[in-house]
Each structure stands twice: as C-alpha cells, then as structure tokens.
Amino acid sequence: IQPERMPTYEEVTDKVKESLEAILRAEEAEKIAEKWLAAWKEGENLAETQKDATGAEYKITDSFPIGGFVVAELGYDVTFNEERYGLTEASPFLSKPIRQGEKAIYLAKMVERLPPDPSGLAAEKDNIMRRLISRKAILLATTFMDGAVKKAKEEGEVYLFVKVDE
C-alpha cells in the first residue's frame, strides 16, 4: 500500500489552469451561441453567421415532437421543457441557448407545429385504460387483503385465502 501523497504545487496549478481555461472556453462558447441566436432571430442564415466564429461550428438536428417528454439530444433540460410548449409561429425561438454537457450548446426554433395523429389516439387510449384498470384491480385486491389480515389479527381468527386462476 502506498501512502497518500500531497500533489505538488505545479500539479495543483496545472489543474487550476486547466479548469480556468475550460470555464473561459465555456463562457466564450455561450457568448457565441447567444450571438448566433440573436442573428438567427433577426433572420440571418446560421451558415453565414458561423464564418466569423473561430473554432465553433453548428449542426442541425432532426425534428422532434414538441409534446414528447425527453428530446434525445437534450435529455431533460429544465429551460427547454419550460419554454417549448409556449413556442408559436410569432415567437418560435427559445429565450436562451441550452448548454448540454461540456461540448454542446443548443439553439432551438419551432419550424412547424404538427397536430397529433388521431388514428393512434384510440389505440393509445385503450392501452392506457387497460393499464389503469389493472393497477386499480391490484390496489383494490391489496387493500382488501391488508384489511382482512388486520381484522383476522384483531379478532384472533385465521382465514385462508386461496388464489383461483381462471
């Protein structure tokens, strides 16, 4: 077993320097993203806006449903989830860029609002109803069994419950 050792002054300063550089890069990336968002809101093309930013690049993601709980690229982001339902054609942009991890910042714009497909709603309703009824039946049976066992213990009687499969 090796004894614990204190890092040298140089090791600590190197780590602090790396951390500070990462923070400064993140701040610079956010400034670029905010500049791009402002330009995008003004109607500029992001391909043209990108040319003046050194080292930054943008990529366009696939469309995603606004009603879904989690968007694959963003995961569960509080800002995105609070604002995405309020996007309209008159106000299609999120208020600020969304940071995701160390390497990505997302800008979001509602391109088109599609109504839900009613053909799948009936099947989904039936599926939800089956699950709900199943949960309620389990809850009812559990509540009944708990009450019966409690009553049996109070009265000192023993009841035998038998499950009958259909």
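In this report, the structure presented in the accompanying data block is examined. These numbers were taken from a predicted model, which means no experiment stands behind them.

1. Notes on the overall build of the protein chain
A tally of helices and strands in the protein chain yields four helices and two strands. For the protein chain, the N- to C-terminal ordering of α and β elements is α-α-α-β-β-α. The long-range fraction of contacts in the protein chain, counting pairs at least 24 apart against all pairs at least 6 apart in sequence, stands at 34%. With an accessible surface of roughly 14100 Å², the protein chain has 57% of that area assigned to carbon and sulfur atoms.

2. A short note on the nonpolar core
If you look at the biggest cluster of nonpolar residues, it comprises six residues: Phe 80, Leu 87, Leu 94, Ile 98, Ala 108 and Met 110. In this view, Ala 108 contacts Trp 40, Phe 80, Pro 92, Phe 93 and Leu 94; residues no more than four positions away in its chain are not counted.

3. Description of a nonpolar patch on the surface
A cluster of nonpolar side chains, contributed by Met 129, Leu 132 and Ile 133, occupies part of the molecular surface with about 270 Å² of accessible area. Mapping Leu 132 onto the fold places it in helix 4 (residues 121–155).

4. Notes on helix 1 (residues 9–41)
Spanning 33 residues, helix 1 covers 48 Å between terminal C-alpha atoms, matching the ideal 48 Å at 1.5 Å per step. When we look at burial in helix 1, the residues that qualify are Ile 32, Ala 33, Trp 36, Leu 37 and Ala 39. Looking one or two places after helix 1, you find Gly 43, whose phi comes out positive at around 100°.

5. Observations regarding the packing of aromatic side chains
Tallied over the full model, the rule gives one aromatic pair. Considering the side-chain rings of Trp 40 and Phe 93, the 5.1 Å spacing of their centres and the 70° angle between planes classify their relative orientation as edge-to-face. Here Trp 40, found in helix 1, pairs with Phe 93, found in the loop between helix 3 (78–83) and strand 1 (98–100); they are 53 residues apart in sequence, far enough to count as distant. Note on Phe 93: relative accessible area 15%, which makes it buried.

6. Focus on the pattern of salt bridges
If the charged atoms of two oppositely charged side chains come close together, the side chains can form a pair. Applying the stated rule across the entire model yields one salt bridge. Taking the shortest distance from any N to any O, the salt bridge between Arg 5 and Glu 11 comes out at 2.9 Å. Residue classification places Arg 5 among the exposed residues on the basis of a relative accessible area of 56%. For Glu 11, a relative accessible area of 30% corresponds to the partly exposed category.

7. Focus on the environment of Met 110
Relative to the assigned elements, Met 110 resides in the loop between strand 2 (104–106) and helix 4. Separated by 23 residues in sequence, Met 110 and Leu 87 have C-alpha atoms that sit 6.5 Å apart. Dropping the residues within four chain positions of it, Met 110 is found in contact with Leu 87, Thr 88, Glu 89 and Pro 92.

Definitions and cut-offs
Residues numbered from 1 in each chain as written. Predicted model: local features only at pLDDT ≥ 70, side-chain atom pairs only at ≥ 80, totals over all residues. Heavy atoms only, no water. Helix = DSSP H or I, 4+ residues; strand = E, 2+ residues; numbered from the N terminus. Contact = heavy atoms within 4.5 Å. Areas by Shrake-Rupley, 256 points an atom, 1.4 Å probe, with all protein chains shown as cover. Core = buried A, V, L, I, M, F, W, Y, C linked by side-chain atoms within 4.5 Å. Buried < 20%, exposed > 50% of the residue type's maximum accessible area, 1.4 Å probe, protein only. Patch = residues over 30% accessible without salt bridge, like charges linked within 9 Å, V, L, I, M, F, W, Y side chains within 5 Å. Salt bridge = Lys/Arg side-chain N within 4 Å of Asp/Glu carboxyl O. Expected span 1.5 Å × (residues − 1). Phe/Tyr/Trp six-rings, centres within 6.5 Å; stacked < 30°, edge-to-face > 60°.

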